[in-house]
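Coordinate analysis (summary)
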Amino acid sequence: MGTIPLFPIYKEASLSIIISIFTICIFSLGFIVWYGTSISYVFCEGYLLIKGGPFKSKIAYQNITKISTTTDGFTGYRISSSDKGLELFLKSTTLESIKILPNDKMKFITELRKRCPNTQIQNFE
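Residues numbered from 1 in each chain as written. Predicted model: local features only at pLDDT ≥ 70, side-chain atom pairs only at ≥ 80, totals over all residues. Heavy atoms only, no water.

**Remarks on the overall build of the protein**
When its secondary structure is counted, the protein shows three helices and nine strands. From first element to last, N terminus to C terminus, the protein shows the α and β order α-α-β-β-β-β-β-β-β-β-α-β. Split into buried and exposed, the 125 residues of the protein put 28% on the buried side. For the protein, the proportion of contacts with a sequence separation of at least 24, taken over those separated by at least 6, is 40%. (Helix = DSSP H or I, 4+ residues; strand = E, 2+ residues; numbered from the N terminus. Buried < 20%, exposed > 50% of the residue type's maximum accessible area, 1.4 Å probe, protein only. Contact = heavy atoms within 4.5 Å.)

**So, the pairing of strand β1 (residues 40-43)**
Where a strand is regular, its side chains alternate between the two sheet faces. Sheet analysis places β1 next to strand β2 (residues 47-52), joined by four bridges and oriented antiparallel. Within the sheet, the bridge partner assigned to V42 lies in β2 and is L49. Counted along the chain from β1 to the antiparallel partner β2, the turn is three residues long. (Pairing = 2+ DSSP bridges.)

**Topic: a nonpolar patch on the surface**
Where nonpolar side chains cluster on the molecular surface, the patch consists of F31, I32, W34 and F55 and spans about 420 Å² of accessible area. In terms of residue count, the dominant contributor to the nonpolar patch is helix α2 (residues 15-37) (three residues). As for its position among the elements, F31 is in helix α2. (Patch = residues over 30% accessible without salt bridge, like charges linked within 9 Å, V, L, I, M, F, W, Y side chains within 5 Å. Areas by Shrake-Rupley, 256 points an atom, 1.4 Å probe, with all protein chains shown as cover. Salt bridge = Lys/Arg side-chain N within 4 Å of Asp/Glu carboxyl O.)

Purely geometric numbers; function is a separate question.
Encoded structure:
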């Protein structure tokens, strides 16, 4: 029996295919880094704007019913290894909730409390 090559695609692939695969991997990695490092939360007049890379989400303040802490590893737009995440529960949207990871949780909660005085805040020290 012959040996099985570890990467059989490299044995028979042309240089252009290898360069194409490498280019796709580099662009994908760059997109993930751009997306993950550019996440921001902007308090606008009537809504919370969440931006990450080319994506934007507008959440009207009147749609936020409750806010709670979360320890989920996939916290919204980021992967989190801590318990700093927040979960915003929403009404009248296709999403039931959205998980976010603001840099300063206390400042975020204080500002959200000003803009959503009727929102329930749970599990928050």
